[in-house]
Amino acid sequence: QVQLVESGGGLVQAGGSLRLSCAASGIIFNINAMGWYRQAPGKERELVATLTSGGSTNYADSVKGRFTISRDNAKNTVVYLQMNSLKPEDAAVYYCNLRTRWMGSTRDYWGQGTQVTVSS
């Protein structure tokens, strides 16, 4: 069974920084990508950043230049999200995602989420 555990959320003032971590465990094959999504109250879950197994990154326009997704050099099942210049609109529950792909079929795994609160 695959488990994703996030950490690093919390309360920060606008303009501050936070670093989120996500560690995946279990029997995992064919990782296509890992990434971060977020969901604010009353809104749908949205993509924040993804990192493919090949090293390609994708960011939401709203976080480009402020957030950086990276992977642990020794473990391809640990990803980070460095969040700088945080804004109140970045406040949300942040979810780690792991996607596997095999023979054209994908499967998504999710963490339990970590709360990020940004005070103005």
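Look up: the structure comes first, before these words.
Keep in mind the model is a prediction, meaning the values are calculated, not measured.

> How would you summarise the packing of aromatic side chains if you had to cite specific residues and measurements?
We describe a pair of aromatic rings using the distance from one ring centre to the other and the angle between the two ring planes. Under the counting rule described, the total for this entry stands at one aromatic pair. Ring geometry for tyrosine 37 against tryptophan 110: centres 5.1 Å apart, planes inclined by 75°, an arrangement best described as edge-to-face. Of this pair, tyrosine 37 sits in strand β4 (residues 31-39) while tryptophan 110 sits in strand β10 (residues 105-110); the two residues are 73 residues apart in sequence, bridging distant segments of the chain. Over the ring of tyrosine 80 we find arginine 19; its NZ or CZ atom is 3.9 Å from the centre of that ring. For arginine 45, the ring lying beneath its charged end belongs to tyrosine 95, and the centroid distance is 3.7 Å.

> Which residues make up the side chain of threonine 50, and what values do they have?
For threonine 50, the position within the fold is in strand β5 (residues 46-52). Accessibility expressed as a relative area gives 14% for threonine 50, which makes it buried.

> Any chance you could break down the pairing of β5 for me, citing the residues and the numbers?
The sheet contact formed by β4 and β5 spans six bridges and is antiparallel. The residue of β5 that forms the bridge with tryptophan 36 is alanine 49. Adjacent in sequence and paired antiparallel, β5 and strand β6 (residues 57-59) are bridged by four residues, among which glycine 55 carries a positive phi angle near 100°.

> I'd like a description of the layout of surface pockets, backed by residues and values.
In this structure, the largest pocket encloses a volume near 200 Å³. Around the largest pocket, the lining is made up of 13 residues, and of these Arg38, Ala40, Lys43, Glu46 and Glu89 lie nearest the centre. Tallied by class, residues from the lining of the largest pocket come to three nonpolar, two polar and eight charged.

> With reference to specific residues and values, describe the sheet that holds strand β3 (residues 18-25).
One open sheet accounts for four strands, arranged β1-β3-β8-β7; its pairing is antiparallel. Strands at the two margins of the open sheet, each flanked by one partner only, are β1 (3-7) and β7 (67-71). Here the strands of the sheet are splayed against their neighbours by 15° on average, with no regard to which way each runs. The sheet contact formed by β3 and strand β8 (residues 78-83) spans six bridges and is antiparallel. Note that in β8 the partner of alanine 23 across the bridge is valine 78.

> I'd love a proper account of the nonpolar core, names of residues and values included.
Leu4, Met34, Trp36, Leu81, Met83 and Tyr94 are the most contacted members of the largest nonpolar core, which totals 31 residues. Among the secondary structure elements, those contributing two or more residues to this core are β3, β4, β5, β7, β8, β9 (92-102) and β11 (114-119). Once you skip the residues sitting within four places of it in the chain, leucine 4 turns out to touch Cys22, Ala23, Ala24, Met34, Cys96, Asn97, Leu98, Tyr109, Trp110, Gly111 and Gln112.

> Now, about unusual backbone geometry: what can you tell me, with residues and values included?
Of note, the phi angle at asparagine 30 is positive, near 55°, even though the residue is not glycine. Within the secondary structure, asparagine 30 is located in the loop between β3 and β4. Positive phi, normally seen in glycine, also occurs at methionine 103, with a value near 55°. Mapped onto the fold, methionine 103 is located in the loop between β9 and β10. Classification of methionine 103 as exposed rests on a relative accessible area of 72%.

Conventions adopted
Residues numbered from 1 in each chain as written. Predicted model: local features only at pLDDT ≥ 70, side-chain atom pairs only at ≥ 80, totals over all residues. Heavy atoms only, no water. Phe/Tyr/Trp six-rings, centres within 6.5 Å; stacked < 30°, edge-to-face > 60°. Helix = DSSP H or I, 4+ residues; strand = E, 2+ residues; numbered from the N terminus. Lys NZ or Arg CZ within 6 Å of the ring centre and 35° of its normal. Buried < 20%, exposed > 50% of the residue type's maximum accessible area, 1.4 Å probe, protein only. Pairing = 2+ DSSP bridges. 1 Å grid on protein atoms, 1.4 Å probe; cavity = no way out; pocket = protein on both sides within 12 Å on 5 of 7 lines; lining within 4 Å. Points joined across faces, edges and corners; volume = space filled by probe spheres on them. Nonpolar A, V, L, I, M, F, W, Y, C, P; charged D, E, K, R; others polar. Axes fitted to C-alpha atoms, helices over the stretch in contact; angles between N-to-C directions. Core = buried A, V, L, I, M, F, W, Y, C linked by side-chain atoms within 4.5 Å. Contact = heavy atoms within 4.5 Å.

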